[in-house]
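Take a look at the letters that make up each chain.
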Amino acid sequence: MSKKTFADWLELAGKVRIPNLALINGEWVPARSGKQFACLSPIDGRVLAQVADCQAEDVERAVAAARASFESGVWSNTKPVHRKKTLIKFAQLLERDRDELALLESLDMGKPIGDALAVDVSASIRCMSWTGEAIDKVYGEVAATGPDELGLITREPLGVIGAIVPWNFPMLMATWKIAPALATGNSIVLKPSEKSPLTALKLGELALEAGIPPGVLNVLPGYGKTAGEPLALHMDVDGLVFTGSTLVGKYLLECAGRSNMKRVYLECGGKSPNIVFADAPDLDKAAEAAAMGIFYNQGEVCTAASRLLVERSIHDEFVALVAKASQIMSPKHPLDPSTSMGAMVDEGQTRRVLSYIERAQQDGAALVHGGARAEPVANGCYIEPTIFKHVAPTHTIAREEIFGPVLAVIPFDDEAQALRIANDTEYGLAAGLWTRDITRAHRVARKLRAGSVWVNYWDGGDMTAPFGGYKQSGNGRDKSLHAFEKYTEVKATWINLADG
Ligand code: NAD
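Source: prediction; values computed, not measured. (Residues numbered from 1 in each chain as written. Predicted model: local features only at pLDDT ≥ 70, side-chain atom pairs only at ≥ 80, totals over all residues. Heavy atoms only, no water.)

### Notes on the UniProt feature "domain: Aldehyde dehydrogenase" (unreviewed entry) in the chain
Next, step 1: Per the UniProt annotation, the sites labelled "domain: Aldehyde dehydrogenase" (unreviewed entry) are residues 28-492.
Next, step 2: Along residues 28-492 one finds 39% helix and 20% strand; the C-alpha atoms at either end are 40 Å apart. (UniProt positions renumbered as here; feature names shortened; annotations may be inferred. Helix = DSSP H or I, 4+ residues; strand = E, 2+ residues; numbered from the N terminus.)

Spelled out as structure tokens, the structure:
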């Protein structure tokens, strides 16, 4: 772990090189139009760089480069062991540059430097190395046939993958896509969010250094409408993988239907319920987890524990414990290693979250903690951790994904009611429950309509298990060997053994 002090990080922030060009076919290039957009830091509003603002013509170039590299076989046709060694080298380079990667992430989207190091960079390294290690351990199948024929079931790379990722975990979400896509032999055009393009560009640099051939990983910074959409509509993109909002995810399904029926895999939004029964094993621990579950990463987490369902008999006591646990989460300068809550990604998102806080008050919820903008750094984007109680399941803050540090506490009377409220959402990404009763734990976990369920903690999981959503939280899975399914087609080859 880094021993750098606040002063060290501030000094490094003044010196770090900010990548700003697109990566197409192994070359660093401006957008063909010459357009650029300002990449701002939400820490203090300063302009970090003018970044290439890629458009349809740049998408054309990148997809052509990806296609040419795929067809040449320079990566797609290599032995698994070669791809494995290259991805492991890639992981080692991420490790070498971990401070720089964490700093770029923190400057670009405002997350605490300690979290960027401990979570974003560490998990990206783990994803790249785990996936690399897995490549030469995946086998095909032989069908259960009679003696006169042989049926081989193999997986082949899809071809050209468009990967569109969000700003809340920019590097990690990009890595969750590019690691399995590369492992299975695809070529990629990666479009990071316009709010956080920097670490994706740095990933492009490290991919080249690791030995991934030119054209296999292309990185196009740009806006959703002008760079993402041409990628989604492109007739020569075979698969589109996306992490982002449900609204955009649905639109991408339409784009596939309007173009070439490309495979589309979506990781979208959430409104995750965290259910605390009166027999939770340790209320203090449950309260700390409830606070971390919503306030970690400023609440900008798809699995944020944004709905806290508390059994009525412990409601008041538990809400007080959560408010107490939230006191350590006051926003501070993100580059201070002691900071546990940083800046919101930008001014637009800050205003959006503040408007939900206003709406909660209009709807009649009671403010328990926070509720205002904070200013630990001048011109930055900060919001206090905010807790509302007396929230009804019908209130806007109980239904819409806020993607900010706002907790909605909802009381319940019995297990059946808790389940009804928990599942009464268009989303199904994650859910948690706290109880000492093992039978209840299994019973409730089974009935929760969510891709991940946590019992007596929040946000468990690593590369060994799949991650993704039910319902409008998406389809397909990231992480684990299940991730390979999104990047491959299944082929059945039949060989006649009877004649000849
Ligand atoms: P967003 O949907 O606004 O943007 C995501 C990406 O899509 C960005 O790169 C954006 O430029 C691009 N985009 C926007 N409009 C587009 C269009 N018309 N065509 C093509 N691309 C377009 O989401 P966001 O605000 O960046 O991220 C927050 C959302 O991401 C939240 O809803 C959150 O829950 C979700 N998220 C989900 C997961 C998960 O694993 N399920 C993880 C992280 C974030």
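### Describing the site of the ligand
Next, step 1: Of all residues adjacent to the ligand, which total 28 residues, the nearest are Val-165, Glu-194, Ser-245, Cys-268 and Glu-401.
Next, step 2: Within the backbone of Gly-224, a nitrogen or oxygen atom sits 3.3 Å from an oxygen atom of the ligand.
Next, step 3: Considering the ligand on its own, with 850 Å² of exposed area, one finds that the protein chains cover 90% of that surface.
Next, step 4: Where the shell around the ligand is concerned, the elements lending two or more residues are α8 (224-232), β10 (239-243) and α9 (246-258).
Next, step 5: Residues that form the shell around the ligand fall into these classes: 15 nonpolar, 8 polar and 5 charged.
Next, step 6: Structurally, the shell around the ligand is a two-domain feature, drawing no fewer than three residues from each of domain 1 (6-268 + 474-490) and domain 2 (273-463). (Near = heavy atom within 4 Å. Polar contact = N/O pair within 3.5 Å; in protein donor to acceptor, adjacent residues only side chain to side chain. Areas by Shrake-Rupley, 256 points an atom, 1.4 Å probe, with all protein chains shown as cover. Nonpolar A, V, L, I, M, F, W, Y, C, P; charged D, E, K, R; others polar. Domains from an automatic or database assignment.)

### Considerations on the packing of helix α3 (residues 80-96) against helix α5 (residues 113-134)
Next, step 1: The contact between α3 and α5 brings their axes to 8 Å, and the two run at 165°. Taken together, the axis directions place α3 and α5 in an arrangement best described as roughly antiparallel. Remark: the crossing between α3 and α5 carries left-handed chirality. Across the interface between the two elements, Lys-84, Leu-87, Ile-88, Phe-90, Ala-91, Leu-94 and Glu-95 of α3 pack against Val-121, Ser-124, Ile-125, Met-128, Ser-129, Gly-132 and Glu-133 of α5.
Next, step 2: The class makeup of the residues in the contact of α3 with α5 is 8 nonpolar, 3 polar and 3 charged. (Axes fitted to C-alpha atoms, helices over the stretch in contact; angles between N-to-C directions. Parallel < 35°, antiparallel > 145°, perpendicular 65-115°, else oblique. Left-handed = near helix turned anticlockwise from the far one by under 90°. Contact = heavy atoms within 4.5 Å.)

### Considerations on the sheet that holds strand β23 (residues 488-496)
Next, step 1: Strands sit in the order β5-β6-β23 across an open sheet of 3 strands; the sheet is antiparallel. The sheet terminates laterally at β5 (141-142) and β23, the two strands that pair on one side only.
Next, step 2: Here 2 bridges tie β5 to strand β6 (residues 149-157), and the two strands are oriented antiparallel to one another. Bridge pairing links Val-142 to Leu-152 in β6. (Pairing = 2+ DSSP bridges.)

### Thoughts on a negative patch on the surface
Next, step 1: A contiguous patch of negative charge on the surface is contributed by Asp-282, Asp-284, Glu-288 and Glu-317.
Next, step 2: With respect to the element layout, Asp-284 can be found in helix α10 (residues 283-295). (Patch = residues over 30% accessible without salt bridge, like charges linked within 9 Å, V, L, I, M, F, W, Y side chains within 5 Å. Salt bridge = Lys/Arg side-chain N within 4 Å of Asp/Glu carboxyl O. Lys, Arg positive; Asp, Glu negative; His and termini not counted. Charge placed at Lys NZ, Arg CZ, Asp CG, Glu CD.)

### A few points about unusual backbone geometry
Next, step 1: Phi is positive for Asn-297, which is not a glycine, with a value near 55°.
Next, step 2: Looking at the secondary structure, you find Asn-297 in the loop between α10 and β13 (307-311).
Next, step 3: A positive phi angle, near 65°, is found at Lys-479, a position not held by glycine.
Next, step 4: Inspection of the secondary structure puts Lys-479 in the loop between β22 (470-471) and β23.
Next, step 5: In this structure Lys-479 comes out as buried when scored by relative accessible area, which is 13%. (Buried < 20%, exposed > 50% of the residue type's maximum accessible area, 1.4 Å probe, protein only.)

### With respect to the UniProt feature "active site" (unreviewed entry) in the chain
Next, step 1: UniProt records the feature "active site" (unreviewed entry) at Glu-267, using the numbering of this structure.
Next, step 2: Within the fold, Glu-267 resides in strand β11 (residues 263-267).
Next, step 3: What Glu-267 contacts, discounting residues up to four positions off in sequence, is Lys-177, Phe-242, Thr-243, Gly-244, Phe-467, Gly-468, Gly-469, Ser-473, Gly-476, Arg-477, Asp-478 and Lys-486.

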